[in-house]
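The residues making up each chain are set out below.
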Amino acid sequence: ADTIAAVRAAGWNGAVFDIENVPVSALPAYRGFLERANKAFDKQKLVLVMTAPAGEPEWNLRSFAAAVDFVIFMDYDDHWQGGTPGPIAAQAWFAEQLAIARREIGRDKLILAVGSYAYDWHDGIADAMTIGEAWLAARDSEAMPRFDPASGNTGFAYDEDGHRHTV
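Residues numbered from 1 in each chain as written. Predicted model: local features only at pLDDT ≥ 70, side-chain atom pairs only at ≥ 80, totals over all residues. Heavy atoms only, no water.

1. Some details on the overall build of the protein chain
Phase 1: Scanning the protein chain from N- to C-terminus turns up five helices and ten strands.
Phase 2: Across its three principal directions, the C-alpha atoms of the protein chain cover 60 × 35 × 30 Å.
Phase 3: Counting across all 167 residues of the protein chain, residues that qualify as buried make up 38%.
Phase 4: Within the protein chain, residue pairs in contact and separated by at least 24 positions form 54% of the contacts whose partners lie at least 6 positions apart.
Phase 5: For the protein chain, the computed accessible surface area is about 10,000 Å², with 54% contributed by carbon and sulfur atoms. (Helix = DSSP H or I, 4+ residues; strand = E, 2+ residues; numbered from the N terminus. Buried < 20%, exposed > 50% of the residue type's maximum accessible area, 1.4 Å probe, protein only. Contact = heavy atoms within 4.5 Å. Areas by Shrake-Rupley, 256 points an atom, 1.4 Å probe, with all protein chains shown as cover.)

Now the structure itself:
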């Protein structure tokens, strides 16, 4: 009720639930919550949208799509902040995930989100960067960004004070 009141007060047509890093054991409860929330939103003629990650088969996309009006499918993070360096969304991986989303969510409910950011992997960690920050790091380090036709992504690497950075 508070969420619907806030949506109404703001003059919005609905809301997006962007709840990430949900433990697998909590996914059924999250789906049930969205289904109940969507019924309440429908009564108020409001739209309920959720985000769903790519590359996580535990998320039953078909089931989640049935619970909401639209699904924003986050087709990125093949390589992510907690993982190993690599393309955020290599073309083959991106296309495979999109095919799954089209089949499971359906084109009438699917909203595709693409990543437009970078990670700077160094010293066993990764820092998230905006595209502007990544280009500045390339310029400041005098590294040449290179487009990789195999992955369809651009990246670069450089050394700074004895530390290897892969962006």
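2. Brief notes about the side chain of N38
Phase 1: Mapped onto the fold, N38 is located in helix 2 (residues 27-43).
Phase 2: Beyond its immediate chain neighbours, meaning those up to four positions away, N38 contacts L48, A67, V68 and D69.

3. Side note on the side chain of H122
Phase 1: Residue position: H122 is located in strand 5 (residues 117-122).
Phase 2: A polar contact of 3.2 Å, which involves the side chain of H122, links it to the side chain of D123.
Phase 3: A polar contact of 2.6 Å, which involves the side chain of H122, links it to the side chain of D127.
Phase 4: When neighbours within four sequence positions are excluded, H122 is seen to be in contact with D127, R164 and H165. (Polar contact = N/O pair within 3.5 Å; in protein donor to acceptor, adjacent residues only side chain to side chain.)

4. Observations regarding helix 5 (residues 131-141)
The periodicity of an α-helix, 3.6 residues per turn, causes residues three or four positions apart to be oriented the same way.
Phase 1: If you check which residues of helix 5 are buried, you get A134, A137 and A138. Take helix 5 and look down its axis: the buried residues cluster within an arc of 100 degrees, on one side only. The exposed set on the far side of helix 5, more than 90 degrees from its buried face, consists of R139 and D140.
Phase 2: Those residues of helix 5 that are buried lie in contact with strand 5, strand 6 (125-130) and strand 9 (157-160).
Phase 3: Downstream of helix 5 by a residue or two, E142 has a phi angle that is positive, lying close to 60 degrees. (Arc of directions from axis to C-beta.)

5. Section: the nonpolar core
Phase 1: Among the nonpolar cores identified, the biggest contains 40 residues, and Y30, L34, M50, W59 and I105 are the most heavily contacted of them.
Phase 2: Here the element with the most residues in this core is helix 2; it accounts for five residues.
Phase 3: Discounting residues that sit within four places of it in the chain, W59 has contacts with I19, V22, L27, Y30, M50, T51, A52, P53 and F64. (Core = buried A, V, L, I, M, F, W, Y, C linked by side-chain atoms within 4.5 Å.)

6. Looking at the pairing of strand 3 (residues 70-74)
Sheet faces and side chains relate simply in a regular strand, where the side chains alternate between the two faces.
Phase 1: Along strand 3, four of the five residues are buried, which leaves the element largely enclosed by surrounding structure.
Phase 2: Sheet topology places strand 2 (residues 47-53) next to strand 3; five bridges connect them, and they run parallel. Bridging across to strand 3, P53 finds its partner in M74.
Phase 3: Taken together, strand 2, helix 3 (residues 61-67) and strand 3 form a β-α-β motif whose crossover is right-handed.
Phase 4: Here strand 3 pairs with strand 4 (residues 110-113) via four bridges, running parallel. Looking at strand 4, one finds that I72 is bridged to I111.
Phase 5: For the crossover that starts at strand 3, traverses helix 4 (residues 91-104) and ends in the parallel strand 4, the hand is right-handed. (Pairing = 2+ DSSP bridges. Right-handed = clockwise from strand over helix to strand, strands pointing away.)

7. Remarks on the sheet that holds strand 2
Phase 1: Overall, parallel pairing links the four strands, which are arranged 1-2-3-4 in an open sheet. Strands with a single pairing partner mark the edges of an open sheet, and in this sheet they are strand 1 (14-17) and strand 4. For this sheet, the mean inter-axis angle between neighbouring strands, taken without regard to orientation, is 20 degrees.
Phase 2: The pairing of strand 1 with strand 2 spans four bridges and is parallel. In the sheet register, F17 faces strand 2, and the bridge partner there is M50.
Phase 3: Each of strand 3 and strand 4 is contacted by helix 4, which is oriented at about 165 degrees to strand 4, the strand it contacts most. (Axes fitted to C-alpha atoms, helices over the stretch in contact; angles between N-to-C directions.)

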